[in-house]
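Spelled out from the first residue to the last, the chains are:
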Amino acid sequence: MKKDQMTPGRRALLRGAAVFGLAATAGCAGTGRPSTPGPTAPSGAAAGGPPAARALKPSAYRLQPMAGYGPPHAARALPRVRNKPILRMDGEGRTMVLTFDDGPDPRYTPGILRTLRRYDVRAMFFVCGEMAVDNKDLLREMADDGHLIGNHTWTHPLLPKMTRSAMREEIERTCEVVEDAVGEPPAWFRAPYGAWNRNAFQLGADLGMEPLAWTVDTLDWTEPGTGTIIRRVRAGAAPGVVVLSHDAGGDRSQSVEALRTYLPELIDSGYRITVPSRHGI
C-alpha cells in the first residue's frame, strides 16, 4: 500500500473528527456574543443538550448589585424597640401636637383638614386600614398638606388579645395601604385603646414605626358636647402636649366644630402647633 493511501477505517475516523470539530466550532460561536446577565441557548439548539439558564428578572439584578456600579441603597434605619410609648414631644418653645384617630371618614375628615389648612397648621392622622382603603384621596390630601399619617391597625382591635401573626397582619396591611396611596409607609404607630404589649412594640419597630400615645384625651368619642371638648383642650394645653381627638368611629361633628374654636385660641396664646420629628426623639 502506498504511503498516501488510507485504509477505509482511517478515512472514517478522520471524517468523524471533522464533524466533531465543526460542532464544537458552532458551539463556541453561539457563546461568543457580548456577556449578558445570564447565558442563553443558541437559536435552534438541539433538545438533547442541557437547558440554558434563564435570564434574571430586573428585580434580581437590583438585589445583587455588581461591584463597580456604586454602593447599594442603604435600608431605612429601624427604630429601637421601646417598652413604653412616647407620651409627649420635646421641643423648643410652646409647641403642641394635635392627633386624630380612626379615620379617614369622608363625613368629618374634610372639615378637619379645612380648618387646619385655614390656619396653616400640620397635624397627625392615625388611620385605620379598613377606612383608609376606600378613602385614599383623603390620605393624599393629608400628605399634600404636610400632615403625618400614622398606623392605627386595620380594624381597631384590642392588640393584647391577638396572636402575634394576627397582630402583624393588622399592622402590615395598613402600612401597605398608606404606602400605596402616598408613596411612603407610615413612620408612627398608635395601638387602639392605648393597649400596648411587647409584640406591639416589636412589630411596630420591625415595620419602621415609633409608638406614639397622647398626653391630653379629649374623650370626644363619648360625644360630650363641643364646649366640653374645647374646655378639655384648654385645660391640658402645655408645651410638648399631644392631644387625642377622633375624625371617625361615630358622630364626630362635635370634634370638627370644637377644632374651629380651640385651634385659633391656641395660636393666639402663643402655641405653635406642629408635628414631631423622628430625629428629635
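The structure presented is a predicted model; accordingly, all values stated were derived computationally and were not measured. (Residues numbered from 1 in each chain as written. Predicted model: local features only at pLDDT ≥ 70, side-chain atom pairs only at ≥ 80, totals over all residues. Heavy atoms only, no water.)

### Brief notes about the pattern of salt bridges
Scanning all chains against the criterion turns up 11 salt bridges. R117 is paired through a salt bridge with D145; the nearest N and O atoms lie 2.8 Å apart. Of this pair, R117 sits in helix α3 (residues 109–118) while D145 sits in the loop between α5 (136–144) and β3 (148–151), and the two are 28 residues apart along the sequence. R260 is paired through a salt bridge with E257; the nearest N and O atoms lie 2.5 Å apart. Of this pair, R260 and E257 both sit in helix α9 (residues 253–268), separated by 3 residues, roughly a single helical turn. (Salt bridge = Lys/Arg side-chain N within 4 Å of Asp/Glu carboxyl O. Helix = DSSP H or I, 4+ residues; strand = E, 2+ residues; numbered from the N terminus.)

### Notes on the environment of Y271
Here Y271 is to be found in the loop between α9 and β8 (272–273). Apart from residues no more than four positions distant in its own chain, Y271 is found in contact with R94, M96, A237, A238, P239 and L266. Polar side-chain contacts of Y271 include one of 3.4 Å to the backbone oxygen of A237. (Contact = heavy atoms within 4.5 Å. Polar contact = N/O pair within 3.5 Å; in protein donor to acceptor, adjacent residues only side chain to side chain.)

### What about the pairing of strand β2 (residues 124–127)?
The two faces of β2 match: M124 and F126 on one face and F125 and V127 on the other face are all buried. As judged from the 3 bridges shared by strand β1 (residues 95–101) and β2, these two strands associate in the parallel manner. Directly across from F100, in β2, lies its bridge partner F125. Following the chain from β1 across α3 to the adjacent parallel β2, one finds a crossover that is right-handed. (Buried < 20%, exposed > 50% of the residue type's maximum accessible area, 1.4 Å probe, protein only. Pairing = 2+ DSSP bridges. Right-handed = clockwise from strand over helix to strand, strands pointing away.)

### Considering the nonpolar core
L98, F100, L116, F125 and Y262 are the most contacted members of the largest nonpolar core, which totals 35 residues. At the level of elements, β1, α3, β2, α5, α6 (164–182), α8 (226–236), β7 (241–246) and α9 are the ones that each hand at least two residues to this core. Examining the composition of this core, we find that 6 residues originate from one element, α9, more than from any other. When sequence neighbours within four positions are dropped, the list of residues in contact with F100 reads I112, L116, A123, M124, F125, F126, S245, H246, D247, L259 and Y262. (Core = buried A, V, L, I, M, F, W, Y, C linked by side-chain atoms within 4.5 Å.)

### Here we look at α5
Inspection of α5 places L138, L139 and M142 among the buried residues, and these make up the whole buried set. Projection of α5 onto a plane perpendicular to its axis shows the buried side chains occupying an angular sector of 105 degrees, all on one side. Looking one or two residues beyond α5, the residue adopting positive phi is G146, at roughly 90 degrees. (Arc of directions from axis to C-beta.)

### Here we look at the packing of aromatic side chains
For the coordinates displayed, the defined rule picks out 3 aromatic pairs. Ring geometry for F100 against F125: centres 5.4 Å apart, planes inclined by 25 degrees, an arrangement best described as stacked. With a gap of 25 residues between them, F100 in strand β1 and F125 in strand β2 connect regions that are remote in the sequence. There is no split in this pair, since F100 and F125 are both buried. A ring pair is formed by W196 and F201, whose centres lie 5.1 Å apart and whose planes are at 5 degrees; its orientation type is stacked. For the pair W196 and F201, one class covers both residues: buried. Chaining the aromatic ring pairs together yields one cluster made of F189, W196 and F201. Note that R94 overlies the ring of Y271, its terminal NZ or CZ placed 4.0 Å from the centroid. (Phe/Tyr/Trp six-rings, centres within 6.5 Å; stacked < 30°, edge-to-face > 60°. Lys NZ or Arg CZ within 6 Å of the ring centre and 35° of its normal.)

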